[in-house]
Amino acid sequence: MKSEKELEEFFARLKKELTETSLFPTQYLYKFIIPADESKLDQLKAVFKDTEAAISTRPSSNGKYTGDSVNLKVKNADEVIHFYKEAGKVEGILSL
């Protein structure tokens with residue numbers, strides 16, 4: 001698990017890259033892996049509940065995890081980062 005400082009540095013780099021390479025507003029594709037637990041998926045869906053996000057889920061070959069894609073129109077780099085931080089609160093989630 002990353003330290004708070006490492007996370008801050010990661011998000012600062014991500015914001016810089018997004019600002020330099022993206023024209024906002026834009027469609028953004030989030031990709032996550034979560035344990036195959038309906039409550040974890042519900043938590044992830046709750047992060048995007050007040051948006052028009054399109055969420056698709058695919059089970060892993062062994063059935064222990066799901067690969068989840070979230071396609072969402074975002075206004076700016078800060079909004080991209082906001083949703084990564086909120087999704088990061090789901091226990092066991094991996095952001096790709």
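Details of the structure are given in the entry above.
For the structure given in this document, a descriptive report is provided here. Since the structure is predicted, the reported quantities are computational estimates derived from the model, not experimental observations. (Residues numbered from 1 in each chain as written. Predicted model: local features only at pLDDT ≥ 70, side-chain atom pairs only at ≥ 80, totals over all residues. Heavy atoms only, no water.)

### Quick look at the side chain of Ser69
How we decide: Only runs of H or I of at least four residues qualify as helices and only runs of E of at least two qualify as strands under DSSP, and these elements are numbered from the N terminus. Three exposure classes are used, based on accessible area relative to the maximum for each residue type with a 1.4 Å probe and protein chains only: buried under 20%, partly exposed in between, and exposed over 50%. When checking whether two residues touch, look at their non-hydrogen atoms; a contact exists if any pair is within 4.5 Å.
Here Ser69 lies in strand β3 (residues 65-74). For Ser69, a relative accessible area of 17% corresponds to the buried category. Contact partners of Ser69, with chain neighbours within four places excluded, come to Leu29, Tyr30, Lys31, Ala54, Ile55 and Ser56.

### So, helix α1 (residues 4-21)
Since the α-helix packs 3.6 residues into each turn, any two residues three or four apart lie on the same face. As a reminder of what qualifies: Here the expected length of a helix is defined as 1.5 Å per residue gap, with one fewer gap than residues. The arc in question is the one traced by the directions running from the helix axis out to the C-beta atoms.
Helix length check: α1, at 18 residues, gives a terminal C-alpha distance of 26 Å against a target of 26 Å (1.5 Å per residue), a fit within 8%. Three or more residues of α1 are buried, namely Phe11, Leu14 and Leu18. Down the axis of α1, the sector holding all buried residues measures 60°, keeping them to one side. The outward face of α1, more than 90 degrees from its buried face, is lined by the exposed residues Lys5, Glu8, Lys16, Thr19 and Glu20. Looking at the packing, one finds that the buried side of α1 touches β1 (26-35) and α3 (77-87).

### Quick notes on unusual backbone geometry
Cis geometry marks the peptide bond from Phe24 to Pro25; its omega dihedral reads 0°. Tracing the backbone through its elements, the reader meets Pro25 in the loop between α1 and β1.

### A look at the environment of Lys31
Relative to the helices and strands, Lys31 is located in strand β1. Residue classification places Lys31 among the partly exposed residues on the basis of a relative accessible area of 38%. Each C-alpha atom, one on Lys31 and one on Asp78, is 17 Å from the other, the two residues being 47 residues apart in sequence.

So yeah, pure geometry; function would need other evidence.
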